[in-house]
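# Architecture and fold: a report
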Amino acid sequence: MKLHPLVEAAARGELPPWARAEESRREHMARVAGLMEAWARGLGLDVPEVTRWRAAAFLHDVLRDAPVKELEAQAPPEFRRLEGRILHGPVAARRLREVEGVADQPLLDAVAFHTLGHPEFGELGRALFAADFLDPGRPEDDGWRQSLRERMPDERGAVARAVLRARIGHSLEVERLLRPETVAYWNVLVEEAGRG
Ligand SMILES: [Fe+2]
Ligand SMILES: [Fe+2]
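Below you will find a few notes about this structure.

## Overview of the packing of helix α6 (residues 105-112) against helix α7 (residues 123-134)
Contact geometry for α6 and α7: axes closest at 8 Å, N-to-C directions at 25 degrees. By the angle between their axes, α6 is roughly parallel relative to α7. Here α6 runs over α7; the crossing is right-handed. Listed contacts from α7 to P106, L107, D109 and A110 of α6 are L124, G125 and L128. Split by residue class, the contact of α6 with α7 holds 5 nonpolar, 1 polar and 1 charged.

This is how it looks when you write it as structure tokens:
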């Protein structure tokens, strides 16, 4: 697959001029890219694939620090009801596709749904969902997260379930709505594990 120049640049850590990501956010994205690269290599993927995995990491929070009002104004219709902090993924994916001409749908889906999860995630989307949560620089990083990182990428099914269980558990604790995509992602993971 011929990679879009913006994707190639993102894999090098060069973000588009419309990025809205503070320094600490860029550091987070770089750490996530490090995990993604290590996992892609661990799976034996070729160089263009490793580039895509790194690029997804650098693009997932490219609009994370944009004002919520701006994100709300640009959100695709199906996301309009979501709370503001979740919109940075869908809006970034929409901009990458509609303005920049990025046509790599699995990469766009990985970016759009990195906070929610999605039942149709490919390996790239699943890896990004886990890597975002397992960033070793998170202040709440602990032995548990480290042990999950150490099981990647070989035990990625079990790690994906552990990450999603933690995220859904948190949503339940704070009594936040569960999105259907999140629940459907959980069901797919459980069915794959033969526990359905
Ligand atoms: Fe994010
Ligand atoms: Fe993130």
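## Re the environment of R54
By the secondary structure assignment, R54 is in helix α3 (residues 47-59). Take R54: there are 25 C-beta atoms within 10 Å of it, and that puts it in the buried class. Ignoring anything within four residues of it in the chain, the contact list for R54 reads A11, A33, M36 and E37.

The rules we used
Residues numbered from 1 in each chain as written. Chains lettered and ligands numbered in written order. Predicted model: local features only at pLDDT ≥ 70, side-chain atom pairs only at ≥ 80, totals over all residues. Axes fitted to C-alpha atoms, helices over the stretch in contact; angles between N-to-C directions. Helix = DSSP H or I, 4+ residues; strand = E, 2+ residues; numbered from the N terminus. Parallel < 35°, antiparallel > 145°, perpendicular 65-115°, else oblique. Left-handed = near helix turned anticlockwise from the far one by under 90°. Contact = placed C-beta atoms within 7 Å. Nonpolar A, V, L, I, M, F, W, Y, C, P; charged D, E, K, R; others polar. Buried ≥ 20, exposed ≤ 12 C-beta atoms within 10 Å, placed from the backbone.

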